[in-house]
Amino acid sequence: MTMFNCERGAACCRQIGYTPWGKTLALSNGTCRYLNPDTNLCTIYKQRPLFCNVDAYYDKFLKNEMDRKTYYALNKKECQRLRHHDSKNFR
């Protein structure tokens, strides 16, 4: 099985508090409380929420809606957008 190629830039983790589903995981600055800022790695990776796991989320909710290649392309595009977006304006 193919897996999503995460670049580990942590842009999604740094802006999780600006999403409706991520507010409970966020520190006051919008960054996920489980992100290690020194390594850009998740400290609860094996137990991370489903919405943080691209492949598991696809399998559970989207496999009948779109093909995996399209889903990966959409995730890649969003990742690039987040990396270039000012988190103060991400609402």
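The rules behind these values
Counting from 1, residues in each chain are numbered in the order their sequence is written. Reporting in this predicted model follows two pLDDT cut-offs: at least 70 for local features of residues, and 80 or more for side-chain atom pairs to be given and counted; totals over whole chains, interfaces and linings ignore these cut-offs and use all residues. For side-chain calculations, the full set of non-hydrogen atoms in the structure is used, while hydrogens and water are omitted. Helix and strand assignments come from DSSP, with helices taken as H or I runs of at least 4 residues and strands as E runs of at least 2, each series counted from the N terminus. Buried residues are those whose accessible area, probed at 1.4 Å on protein chains only, stays under 20% of the maximum for their type, while exposed residues exceed 50% and partly exposed ones sit between those limits. By definition, residues are in contact when any of their heavy atoms lie within 4.5 Å. In these tables, accessible area is a Shrake-Rupley quantity obtained with a 1.4 Å probe, and a residue counts as shielded only by the protein chains included in the view. Side-chain rings of Phe, Tyr and Trp, where Trp is taken by its six-membered ring, are said to pair if the distance between their centres is within 6.5 Å; with planes under 30 degrees apart they count as stacked, over 60 as edge-to-face, and otherwise as tilted. Counted as salt bridges are all cases of a side-chain nitrogen of Lys or Arg within 4 Å of a carboxyl oxygen of Asp or Glu. Helix axes are fitted to C-alpha atoms over the stretch in contact, other axes to C-alpha atoms as well, and angles between N-to-C directions run from 0 to 180 degrees. Any angle that falls under 35 degrees is termed roughly parallel, while one over 145 is termed roughly antiparallel, one within 65 to 115 roughly perpendicular, and all others oblique. By the definition used in this description, the sense in which the near helix is turned from the far one sets the handedness, with an anticlockwise turn below a right angle giving left-handed and a clockwise turn giving right-handed. Each residue gets one label: Ala, Val, Leu, Ile, Met, Phe, Trp, Tyr, Cys and Pro are nonpolar, Asp, Glu, Lys and Arg are charged, and the others, such as Gly, are polar.

**Student:** Any chance you could explain the overall build of the protein chain here in plain terms?
**Tutor:** Counting secondary structure elements, the protein chain contains three helices and two strands. Along the protein chain, helices (α) and strands (β) appear in the sequence α-β-β-α-α when read from the amino end. Per-residue burial for the protein chain yields a buried fraction of 30% across its 91 residues. Counting only contacts in the protein chain whose residues sit at least 6 apart along the sequence, the fraction spanning at least 24 positions is 39%. When the accessible surface of the protein chain is split by element, carbon and sulfur atoms take 53% of a total near 6800 Å².

**Student:** Any chance you could explain the packing of aromatic side chains here in plain terms?
**Tutor:** Aromatic ring pairs are described here by two measures, namely the spacing of the ring centres and the angle between the planes. The full count for this structure, using the stated rule, is four aromatic pairs. Between W21 and F51, the aromatic rings sit 4.4 Å apart at their centres with planes inclined by 55°, giving tilted as the arrangement. One end of the pair, W21, is in the loop between α1 (11–14) and β1 (35–36); the other, F51, is in the loop between β2 (41–42) and α2 (54–62), and 30 residues separate them in sequence. On the basis of relative accessibility, which here comes to 47%, the residue W21 falls in the partly exposed class. Residue class for F51 comes out partly exposed when judged on its relative accessible area of 30%. Look at Y57 and F61: their rings are 4.9 Å apart centre to centre, the planes differ by 45°, and that puts the pair in the tilted class.

**Student:** Before we go on, may I ask you to explain the pattern of salt bridges in this structure?
**Tutor:** Any two side chains of opposite charge can pair if their charged atoms end up close together. Across all of its chains, the model carries three salt bridges by this definition. Its salt-bridge partner being D55, residue R68 comes within 3.3 Å of it at the nearest N-O pair. Of the two residues, R68 is situated in helix α3 (residues 68–83) and D55 in helix α2; the sequence distance between them amounts to 13 residues. This pair shows no difference in class: R68 is buried, exactly as D55 is. When the shortest N-O distance is used, the salt bridge between E78 and R81 registers 2.6 Å. Within this pair, E78 and its partner R81 are both found in helix α3, separated by three residues, close to a single helical turn.

**Student:** Teacher, can you tell me more about the packing of α2 against α3 here?
**Tutor:** To describe two helices that pack against each other, one gives the angle between their axes and the distance between the axes. Where α2 contacts α3, the axes come no closer than 11 Å and their chain directions differ by 130°. Relative to α3, α2 is oriented oblique. α3 is crossed by α2, and the crossing has right-handed handedness. Each of V54, D55, Y57, Y58, D59 and L62 in α2 lies in contact with α3, whose residues at this interface are R68, Y71, Y72 and N75. For the contact of α2 with α3, a count of residues per class yields six nonpolar, one polar and three charged.

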